[in-house]
Amino acid sequence: RMFPFGRIGFAQDIPSGAPAPSGAFTRRYRCYPVSFVDKSMLENGDKVILPHSALNALTQLNILFPMLFQVEGPQGLQAHCGVMEFTAEEGHCYIPYWLMQQIGAEEGGIITIRNVNLLKGTYVKFQPQTLDFLDISNPKAVLEATLRNFTCLTKGGSFPINYNEKTYWISVPELRPGNAVSIIETDIDTEFAPPPGYKEPDAPPKETAAPSAASVRRLGDGSNGQSSSRLQSRLEALRRLGAEDSSDSSDSESEDKTSKTLFPGQGQTLVSRPGGAGSLITSTLNDAEMDQPLQEAKPFTPFTGAGHRLR
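Residues numbered from 1 in each chain as written. Predicted model: local features only at pLDDT ≥ 70, side-chain atom pairs only at ≥ 80, totals over all residues. Heavy atoms only, no water.

A. Quick look at the overall build of the chain. Assigned secondary structure in the chain consists of six helices and 14 strands. Within the chain, the proportion of its 311 residues that are buried is 29%. Counted over contacts in the chain with a minimum sequence separation of 6, partners at least 24 positions apart contribute 73%. Approximately 21800 Å² of the chain is accessible, and the part contributed by carbon and sulfur atoms is 52%. (Helix = DSSP H or I, 4+ residues; strand = E, 2+ residues; numbered from the N terminus. Buried < 20%, exposed > 50% of the residue type's maximum accessible area, 1.4 Å probe, protein only. Contact = heavy atoms within 4.5 Å. Areas by Shrake-Rupley, 256 points an atom, 1.4 Å probe, with all protein chains shown as cover.)

B. Examining the environment of Ala 145 more closely. Note on placement: Ala 145 falls in helix 3 (residues 139-147). Separated by 16 residues in the primary sequence, Ala 145 and Ile 161 have C-alpha atoms spaced 9.6 Å apart.

C. The packing of aromatic side chains, seen in detail. Overall, the coordinates contain eight aromatic pairs when judged by the stated rule. For the pair Tyr 32 and Tyr 94, a centre-to-centre distance of 6.1 Å together with 40 degrees between the ring planes defines the contact as tilted. Of this pair, Tyr 32 sits in strand 1 (residues 26-33) while Tyr 94 is found in strand 5 (residues 92-95), placing the two residues 62 residues apart along the sequence. One aromatic cluster is present, formed by Trp 98, Phe 126, Phe 150, Phe 159 and Phe 192 through successive ring pairs. Over the face of the ring belonging to Tyr 123 we find Arg 176, whose NZ or CZ atom lies 4.0 Å from the ring centre. (Phe/Tyr/Trp six-rings, centres within 6.5 Å; stacked < 30°, edge-to-face > 60°. Lys NZ or Arg CZ within 6 Å of the ring centre and 35° of its normal.)

D. Spotlight on the side chain of Thr 154. Relative to the elements of secondary structure, Thr 154 occurs in strand 8 (residues 152-154). Those residues within four positions of Thr 154 in sequence are excluded, and the remaining contacts are Ala 79, His 80, Val 172, Leu 175, Asn 179 and Ala 180.

Purely spatial values, then, with no claim about function.
As structure tokens, then:
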């Protein structure tokens with residue numbers, strides 16, 4: 001029986017017992033979605049269905065397990081996948097519809113499938129393509145559960161996550177140690193990149209506290225010593241000025257109090273009343289009289305003066 005898509009690229013001189021190199025198995029098939037054979041559950045992973053003749057050829061070539069393949073679309077776009085079973089009709093293969101979209105294949109279009117030997121992945125960065133993926137309560141757990149149905153990852157490719165009746169697309173911008181790796185039974189470091197258009201939430205404004213005494217004292221400290229010394233000199237001048245103002249105000253207040261309380265009114269002098277011993281009268285003196293020096297009183301001499309006769 002002749003098949004429309006015969007063998008392409010078979011290695012004819014593979015040593016017995018040696019694993020087949022990548023590309024030893026190469027076939028071209030017409031591709032159809034897995035839903036055509038009631039295998040819609042395969043849409044949640046990357047496994048394909050190949051014809052039974054592919055299994056016979058792979059067994060003879062000593063292909064390494066798990067079997068991994070590279071699928072190439074009619075325009076040269078590539079992705080990587082595993083195999084679920086070998087029950088497809090000869091010349092046909094059934095692959096997930098999202099994988100057909102990745103390689104630009106249409107229903108019934110021709111694709112090329114090659115075996116590949118991939119290293120185990122050590123690092124991968126995932127990037128959600130939509131912001132609503134962040135609304136999932138535990139996106140990491142959802143991603144881990146989805147990747148259990150995958151066998152390998154391709155750098156620059158993307159795959160869907162079906163969760164709560166909604167589809168989220170995840171891209172793979174970074175991958176190590178190669179452009180395609182196996183993720184079967186391996187521990188791999190993962191990292192998430194923010195989705196396109198994501199903006200960090202604004203931080204709440206911080207309350208400004210009053211400056212402490214220590215911070216005020218340190219205000220003049222800095223690498224510029226000249227500005228610091230100038231600030232200190234200004235502060236000293238302000239303190240001296242305040243001290244002088246306070247002393248001047250206290251002196252003026254004391255002078256005002258003294259001038260108001262000492263010797264109020266006009267100056268007065270007590271003098272003897274003429275002809276009356278022991279009688280005193282007050283005499284008001286003007287300022288000129290007050291400025292004249294006082295005359296010294298004559299000393300008292302007994303039995304002096306004019307004599308008088310009693311009749």
